[in-house]
Amino acid sequence: MSRNRETAGLLPGLAQPPEARRVYLSFDDGPDPRWTPRILDLLAQADVLATFFLVGRRALAQPALVRRIAAAGHALGNHTFSHRHPWTMAAPTARKEVRDGAAAVADLTGVAPRFFRPPHRRLRRCMLEEAMRGGQALALWDLSAVDWGPLGAARTIARRLAATQAGDIVLMHDGGQGINRPAELVEALPGFLADLGRRGLMPALLPEAAERHAPRA
Ligand SMILES: [Zn+2]
């Protein structure tokens, strides 16, 4: 067994690679019955861990898949219950989106999420308050794969991912709804993971201080 898998959950303090070489992979908008299993397979083949920011209602529709993500040792984050744009809701509804998203993860896995990522990166005070009250730290990202829309072709995704530096939180998407392009991401992901290994960069689970990160790309 690999070091990651062997120590995850047993000796949490020792499971993480040295800080100076860590990168933090994250996947948003899932779980997706078509794409999340593909990504889990690729992560397992590369023997690395990531953080999945789940949409609560999609999680409730795929309980076995959520448990598979957790059982593999990946971390689960809260990406709200329905992925509504944070600015389109009254405050009580916005708070409920955060609460219900976290509850879905907790109910399915028995573990409360420790990180919150708002849809569309829209920071709204009432939602951040609700996340903090639930014990979740804000987790944004440093580098986006932009694996969506017209710029989300595998070759350009690969080029963006190649710019990953030590300490970066990397945003990717396993959820295939809307304009996301997980098929393109899945094409680029094996090369990216192999490249990280060659460069001595080691994927790790998000640190508590995730909120210090501000997007670079
Ligand atoms: Zn999202």
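Up top you'll find the structure we're talking about.
Residues numbered from 1 in each chain as written. Predicted model: local features only at pLDDT ≥ 70, side-chain atom pairs only at ≥ 80, totals over all residues.

## Describing the pairing of strand β1 (residues 22-28)
- The buried fraction of β1 amounts to six of the seven residues, a majority that puts the element mostly inside the structure.
- With two bridges connecting them, β1 and strand β8 (residues 202-203) associate as parallel partners. Within β8, the position partnered with V23 by the bridge is P203.
- As defined by bridge partners, β1 adjoins strand β7 (residues 169-173) across five bridges and the pair is classed as parallel. Looking across to β7, one finds that F27 is bridged to M172.
- With three bridges joining them, β1 and strand β2 (residues 51-54) adopt parallel strand pairing. Counterpart to D28 in the pairing with β2 is F53.
- Crossover β1 to β2 through helix α3 (residues 36-46) is right-handed. (Buried ≥ 20, exposed ≤ 12 C-beta atoms within 10 Å, placed from the backbone. Helix = DSSP H or I, 4+ residues; strand = E, 2+ residues; numbered from the N terminus. Pairing = 2+ DSSP bridges. Right-handed = clockwise from strand over helix to strand, strands pointing away.)

## Quick look at α3
- Along α3, the residues classified as buried are T36, I39, L40 and L43. Along α3, the residues classed as buried sweep out an arc of 105° about the axis, all on the same side. Facing away from the buried side of α3, by more than 90 degrees, are the exposed residues D41 and Q45.
- The secondary structure elements touched by the buried residues of α3 are β1, α5 (63-71) and α9 (182-198).
- Once α3 finishes, D47 follows within two positions and takes phi at roughly 60°, a positive value. (Arc of directions from axis to C-beta. Contact = placed C-beta atoms within 7 Å.)

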